[in-house]
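Overview (structure and organization)
If you want the building blocks of each chain, they are given just below.
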Amino acid sequence: MNKLQVILSLLCFTCCNHSFVQTGKETPGSFIRQQVDSIYNKEGLPGIFVGILNNGEKQFFNAGFADPGKQMPFDSATLFEIGSITKTFTAYVLTAVLMDNKISDMDPIIKYLPDSVQQNKNLSSISFLSLMNHTSGLPRLPDNMKMVNSRQPYENYTEADLFTYLKNCDPKPDGKSNYSNLGGGIAGMLAERITGKTYAQILDKYIFLPFNMVPPGKAIALTENKSQGYFAKDDKAEYWNMNVLAPAGVLKLSANEMLTYLQHMCFPGSGNSKAIVDKLTIQTVALSPAIGVGRGWHTFTAKDRDSIYWHNGGTYGFSTFCAFTKDKSKAVIVVINQFNKNAISDGLGVKIIKKLISEK
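In this report, we go over the structure that sits alongside the text. Note that the structure is predicted; figures quoted are calculated from it, not measured.

The subject of this paragraph is the overall build of the protein chain. Counting secondary structure elements, the protein chain contains 11 helices and 12 strands. The C-alpha atoms of the protein chain give 19 Å as radius of gyration, which agrees with the globular expectation for 360 residues (21 Å, within 12%). Counting the 360 residues in the protein chain, one finds 57% classified as buried. Working note: accessible area of the protein chain is about 14400 Å², and carbon and sulfur atoms make up 51% of it. Positive and negative side-chain charges of the protein chain, numbering 37 and 30 respectively, have mean locations separated by a distance of 4 Å.

Okay, here's the thing in structure tokens:
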């Protein structure tokens, strides 16, 4: 997901700010069906898939195909790249790791980096929190990335490359939230360093197994039931391999798994899970009177309305959007299996979450 896609998302929320009122007696299901069919017919997309959580019930809506070549439709178990929505998972596990190790997320990250990197005192101003809310001053991507394969921009960027970059970089934090894939990748890498576990193992421990989402390790593996992404019409895209920056956008999940995850964001239960979600959804930076950034999640709050927590994602094959509200079973995941269609997936997702909120 790039900065333009974030701006498009913010515009969607801003433009839709006035209409949280339910209109007519149209059910959420019929509303979503009409919206999905209309967009599919108008835009000529490979496919659109929507999953909603409404008062504890999961519903799914498909148009087109997950794999047009095989004439295979999406279903609730079809895998797709969630892109930068991965960063919400990374924020959750990093917060859990910090809590377990009694580390404040205001601590500077420099203490947890290799000795050779600690020599760069320009890193002293970067905290764990600043990685999660994009106020670190780090750029969207490091300047020493060499894109050997333009369709796999991250796969050759190693931990050694990242440490080389960090030894010499000079971030310029200004208190503003400037979206950074680099920061998201570093957040997950630090969770690995603190725990001595891989990113996949940390996800299993804190999310996938306790949430009963997936068998161990499945989210980074692929199965036969996977959708085909497209860079452009008739131009197939590979699934990304993201190497050291995997925590910024590597996950492949199904709509059913995503709704299970979002259900746990809506109702995290007690203990550490509730404390983590409560922390993630606190606005830490204001982008406008209604829009802000928490830890991983973006926030949208209108007067006398339920706050919405959301994130979108984009890879070279997929455009995705998800949102939820706390303390109510209301959530949505939208998938389009084509690159650079976030204006469509975000706009549809916003309409749907608003519709769900308007329902009793």
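Of all seven residues making up strand 10 (residues 308–314), seven are buried, and the element is well covered by its neighbours. Burial along strand 10 is two-sided: Ile308, Trp310, Asn312 and Gly314 and Tyr309, His311 and Gly313, pointing in opposite directions, are all buried. Judged from the three bridges that link them, strand 9 (residues 298–300) and strand 10 form a sheet pairing that is antiparallel. Looking at strand 10, one finds that His298 is bridged to Trp310.

What follows deals with helix 11 (residues 342–358). Helical geometry note: an α-helix holds 3.6 residues per turn, so side chains three or four residues apart project in the same direction. With 17 residues, helix 11 extends 24 Å from end C-alpha to end C-alpha; this agrees with the ideal 24 Å at 1.5 Å per step. For helix 11, the buried fraction is high: 15 of the 17 residues fall into the buried class.

Quick look at helix 10 (residues 272–280) now. Looking only at helix 10, the buried set comprises Ser273, Ile276, Val277 and Leu280. Taken end-on, helix 10 shows its buried residues confined to a sector of 95°, consistent with a single buried face.

It is worth spelling out the side chain of Ser227 at this point. Tracing the backbone through its elements, the reader meets Ser227 in the loop between helix 8 (199–208) and strand 4 (230–232). Of the polar contacts made by the side chain of Ser227, one reaches the backbone oxygen of Leu79; its length is 2.7 Å. For Ser227, the contacting residues outside a window of four places in its chain are Ala66, Phe74, Thr78, Leu79, Phe80, Tyr239 and Phe318.

Now for the environment of Gln338. Tracing the backbone shows Gln338 in the loop between strand 12 (330–336) and helix 11. Residues Gln338 and Ser319, 19 residues apart in the sequence, show an inter-C-alpha distance of 6.2 Å. If we ignore the near neighbours within four places in the chain, the residues touching Gln338 are Leu45, Pro46, Tyr230, Phe231, Ala232, Lys233, Gly317, Phe318 and Ser319.

With that out of the way, let us pick up empty space enclosed by the protein. A complete count under the given rule lists three cavities of 30 Å³ or more for this structure. Counted as a void, the largest cavity has a volume near 70 Å³. The wall of the largest cavity is formed by Lys87, Thr90, Ala91, Leu131, Met132, His134, Gly184, Ala187, Gly296 and His311. For the lining of the largest cavity, the secondary structure elements donating two or more residues are helix 3 (86–100), helix 5 (128–132) and helix 7 (181–195). Here the lining of the largest cavity takes three residues from helix 3, the largest share from any one element. By residue class, the composition of the lining of the largest cavity is four nonpolar, five polar and one charged.

Pairing between the strands of a sheet comes from backbone hydrogen bonds, and it takes one of two forms, parallel or antiparallel. Taken in spatial order, the eight strands make up an open sheet running 2-1-12-11-10-9-8-7, and their pairing is antiparallel. Each having just a single partner strand, strand 2 (57–64) and strand 7 (285–286) make up the two edges of the open sheet. Here strand 1 (residues 47–54) runs beside strand 12; their pairing, made up of seven bridges, is antiparallel. Following the sheet pairing, Phe49 is matched in strand 12 by Val335.

Here the focus is the environment of Asn256. With respect to the helices, strands and loops of the structure, Asn256 is situated in helix 9 (residues 255–266). Accessibility expressed as a relative area gives 31% for Asn256, which makes it partly exposed. Along the chain, Asn256 and Leu53 lie 203 residues apart, while their C-alpha atoms are 9.8 Å from each other. For Asn256, the contacting residues outside a window of four places in its chain are Lys58, Phe60 and Ser76.

About the criteria used
Residues numbered from 1 in each chain as written. Predicted model: local features only at pLDDT ≥ 70, side-chain atom pairs only at ≥ 80, totals over all residues. Heavy atoms only, no water. Helix = DSSP H or I, 4+ residues; strand = E, 2+ residues; numbered from the N terminus. Rg over C-alpha atoms; globule rule 2.2 N^0.38 Å. Buried < 20%, exposed > 50% of the residue type's maximum accessible area, 1.4 Å probe, protein only. Areas by Shrake-Rupley, 256 points an atom, 1.4 Å probe, with all protein chains shown as cover. Lys, Arg positive; Asp, Glu negative; His and termini not counted. Charge placed at Lys NZ, Arg CZ, Asp CG, Glu CD. Pairing = 2+ DSSP bridges. Expected span 1.5 Å × (residues − 1). Arc of directions from axis to C-beta. Polar contact = N/O pair within 3.5 Å; in protein donor to acceptor, adjacent residues only side chain to side chain. Contact = heavy atoms within 4.5 Å. 1 Å grid on protein atoms, 1.4 Å probe; cavity = no way out; pocket = protein on both sides within 12 Å on 5 of 7 lines; lining within 4 Å. Points joined across faces, edges and corners; volume = space filled by probe spheres on them. Nonpolar A, V, L, I, M, F, W, Y, C, P; charged D, E, K, R; others polar.

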